[in-house]
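# Coordinate inspection notes
Listed here are the chains, written in short residue letters.
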Amino acid sequence: MLDEAEISQVIIESFSQKLIAHLRNDVVIVGGGPSGLVLGERLARAGFRTALFESRLATGGGVWGGGMLMNQIVLQEEGMAIAREYGIRGTEHRPGYWAVDAVAMTAKLTAAAVDAGLVIFNGIEAEDVAVKNDRVDGIVINWSLVRTSTLPVDPLLVQSRITVDSTGHPSAVVNMLASRGIIPPARGEAPMNCEAGERMTVEHTGCVYPGLYVTGMAACGYHGSSRMGPIFGGMLLSGVKAAEAITRELRP
Ligand SMILES: Cc1cc2nc3c(=O)[nH]c(=O)nc-3n(C[C@H](O)[C@H](O)[C@H](O)COP(=O)(O)OP(=O)(O)OC[C@H]3O[C@@H](n4cnc5c(N)ncnc54)[C@H](O)[C@@H]3O)c2cc1C
């Protein structure tokens, strides 16, 4: 006989254990789009205690919508090389232009990250950052529903040696510092130029303030790079570059 109270107890106990285990982290990633998922998979696989907070219910960020809600995305050869590592299949529709199913890409990146040991908290957003001794020390979290409900509910804090802004277009975490004058203001995305945007996404991935890194479209938005439309290789490569840089910082 199934006992309803037992089911509730299992959920409450196991979730509490998971959250308590991630109150202190090596790395906290804010945003579960493609750059955050690749970054999280690589850091977790390298043995870092890593948690990812995603404000929506599902990971995948902007991947789901493909181009104009046609749920296919494009990867160039360099991006496809990373995708293959995750068992993501593509079809080379034109030389150098690989078509990839957006749902498969999201599912496989997420599964690989979770299998590697990344712990994902969905429905929870970073509403602020903590700064101590001129260094980002973690994020201030709350249920996404609390913001949309406008209920006055105090948040909790999750500590981290490194915090990563992988929030895509809003560049939400870096803007929490920029709006207070702690770092220069975000420059905003430049008009579309796929070639330049893909290159600059990777170039601008990195540390923007002690303890704070930026990836993907958040890096574009913060540094004023060109936007690039539904080609995603730069997002995957950005996750790879951030993982390498953070590994160097945490394990010099
Ligand atoms: C309006 C719009 C325009 C787009 N334009 C472009 C474009 O010009 N060029 C381009 O390449 N792609 C564009 N895309 C597609 C897509 O956003 C990106 O290409 C790609 O998905 C970015 O990957 P990412 O890893 O940077 O983050 P995203 O895929 O954007 O994922 C970011 C994730 O962070 C989450 N998040 C945001 N704030 C918080 C927070 N405070 N706490 C927790 N989670 C948070 C979001 O819910 C989201 O799931 C666009 C998407 C949208 C919706």
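Residues numbered from 1 in each chain as written. Predicted model: local features only at pLDDT ≥ 70, side-chain atom pairs only at ≥ 80, totals over all residues. Heavy atoms only, no water.

## Observations regarding the environment of Glu189
Convention followed: Labels follow the DSSP assignment, with helices taken as runs of H or I lasting at least four residues and strands as runs of E lasting at least two, numbered in each case from the N terminus. With a 1.4 Å probe rolled over the protein chains alone, any residue whose accessible area is under 20% of its type maximum counts as buried; one over 50% counts as exposed, and the rest are partly exposed. Identification of polar contacts relies on pairs of N or O atoms within 3.5 Å, with a donor-acceptor requirement for protein atoms, meaning one able to donate a hydrogen and the other able to accept it, and with residues adjacent in sequence counted only if both atoms are side-chain atoms.
If you trace the backbone, Glu189 turns up in the loop between helix 6 (172-178) and helix 7 (194-203). Judged by its relative accessible area of 29%, Glu189 is partly exposed. Along the backbone, Glu189 and Cys220 are 31 residues apart, and their C-alpha atoms lie at a distance of 6.0 Å. Within the local environment of Glu189, its side chain forms a polar contact with the side chain of His169, the two groups lying 2.7 Å apart.

## A few points about the site of the ligand
Formally: Nearness is defined per residue: one heavy atom within 4 Å of the molecule or strand is enough. Here, Shrake-Rupley sampling with a 1.4 Å probe gives the accessible areas, and only protein chains in the shown set may cover a residue. Residue classes follow a fixed rule: Ala, Val, Leu, Ile, Met, Phe, Trp, Tyr, Cys and Pro count as nonpolar, while Asp, Glu, Lys and Arg count as charged, and any other residue, Gly among them, counts as polar.
In the neighbourhood of the ligand, 28 residues make up the surrounding shell, with Ser35, Glu54, Arg227, Met228 and Gly229 lying closest. At 2.8 Å from an oxygen atom of the ligand is found a main-chain nitrogen or oxygen belonging to Met217. Between the ligand and the protein, one listed contact pairs a nitrogen atom with a backbone N or O atom of Met228 at 3.2 Å. Relative to its unbound accessible area of 960 Å², the ligand is 80% covered by the protein chains. Mapped by element, the contributors of at least two residues to the shell around the ligand are helix 2 (34-45), strand 2 (50-54), strand 7 (124-132) and helix 8 (216-223). Top element by residues in the shell around the ligand is strand 7. It accounts for three residues. Here the residues of the shell around the ligand are counted per class, giving eleven nonpolar, 13 polar and four charged.

## Side note on the pairing of strand 5 (residues 97-101)
To keep it simple, the criterion reads: DSSP-based pairing: two strands are paired if at least 2 bridges between them are found.
Pairing geometry for strand 3 (residues 72-75) and strand 5, over four bridges, is antiparallel. In the sheet register, Leu75 faces strand 5, and the bridge partner there is Trp98. As paired elements, strand 4 (residues 91-94) and strand 5 share three bridges and run antiparallel to each other. Its bridge partner lying in strand 5, Thr91 is registered against Ala99. Between strand 4 and strand 5, which pair antiparallel in sequence order, lie two residues; one of them, Gly96, sits at a positive phi of approximately 85°.

## Some remarks on the confidence of the model for the protein
To be explicit about the condition: In predicted models, pLDDT denotes the confidence assigned by the predictor to each residue on a 0 to 100 scale.
Looking at the protein as a whole, its pLDDT mean stands at 97, while 100% of the residues score no less than 70. Considering each helix and strand of the protein separately, the mean pLDDT is smallest for helix 7, with a value of 94, and largest for strand 1 (residues 24-30), with 99.

## Quick notes on a negative patch on the surface
Operational definition: Residues enter a patch when their relative accessible area is above 30% and they make no salt bridge; the linking distance is 9 Å between like charges and 5 Å between nonpolar side chains (Val, Leu, Ile, Met, Phe, Trp, Tyr). Salt bridge criterion: a side-chain nitrogen from Lys or Arg within 4 Å of a carboxyl oxygen from Asp or Glu. Charge convention: Lys and Arg are scored as positive, Asp and Glu as negative, and His as well as the terminal groups of each chain are ignored. To locate a charge, take atom NZ for lysine, CZ for arginine, CG for aspartate or CD for glutamate.
Where like charges cluster on the molecular surface, the negative patch consists of Asp3, Glu4, Glu6 and Glu13. Residue position: Glu6 is located in helix 1 (residues 4-21).

## Some words on the packing of helix 2 against helix 9 (residues 233-250)
Filter applied, for reference: Interaxial angles span 0 to 180 degrees and are taken between N-to-C directions of axes, which are lines fitted to C-alpha atoms, for helices over the stretch in contact. In these notes the angle categories are as follows: under 35 degrees is roughly parallel, over 145 is roughly antiparallel, 65 to 115 is roughly perpendicular, and the rest is oblique. Here a crossing is called left-handed whenever its near helix is offset anticlockwise from the far helix by less than a right angle, and right-handed whenever the offset is clockwise. Any two residues whose heavy atoms approach within 4.5 Å at even a single point are treated as in contact.
At a closest axis distance of 7 Å, the pairing of helix 2 and helix 9 adopts a crossing angle of 40°. Taken together, the axis directions place helix 2 and helix 9 in an arrangement best described as oblique. Relative to helix 9, helix 2 is oriented so that their crossing is right-handed. Of helix 9, the residues touching helix 2 (which contributes Pro34, Ser35, Val38, Leu39, Arg42 and Leu43) are Met235, Leu236, Ser238, Gly239, Val240, Ala242, Ala243, Ile246 and Thr247. The residue makeup of the contact of helix 2 with helix 9, split by class, is ten nonpolar, four polar and one charged.

## Notes on the pattern of salt bridges
For the structure on display, the rule yields ten salt bridges. A salt bridge links Glu125 to Arg147; the nearest nitrogen and oxygen atoms lie 2.6 Å apart. One end of the pair, Glu125, is in strand 7; the other, Arg147, is in helix 5 (residues 144-149), and 22 residues separate them in sequence. The salt bridge involving Glu203 is made with Arg199; its shortest N-O contact spans 3.5 Å. In this pair, Glu203 and Arg199 are both assigned in helix 7, four residues apart and thus about one turn of the helix distant. The class of Glu203 is partly exposed, set by a relative accessible area of 45%. Of the residues examined, Arg199 reaches a relative accessible area of 44% and is grouped as partly exposed. Ionic contacts of the salt-bridge type, sharing partners, join the residues Glu41, Arg42, Arg45 and Glu85 into one network.

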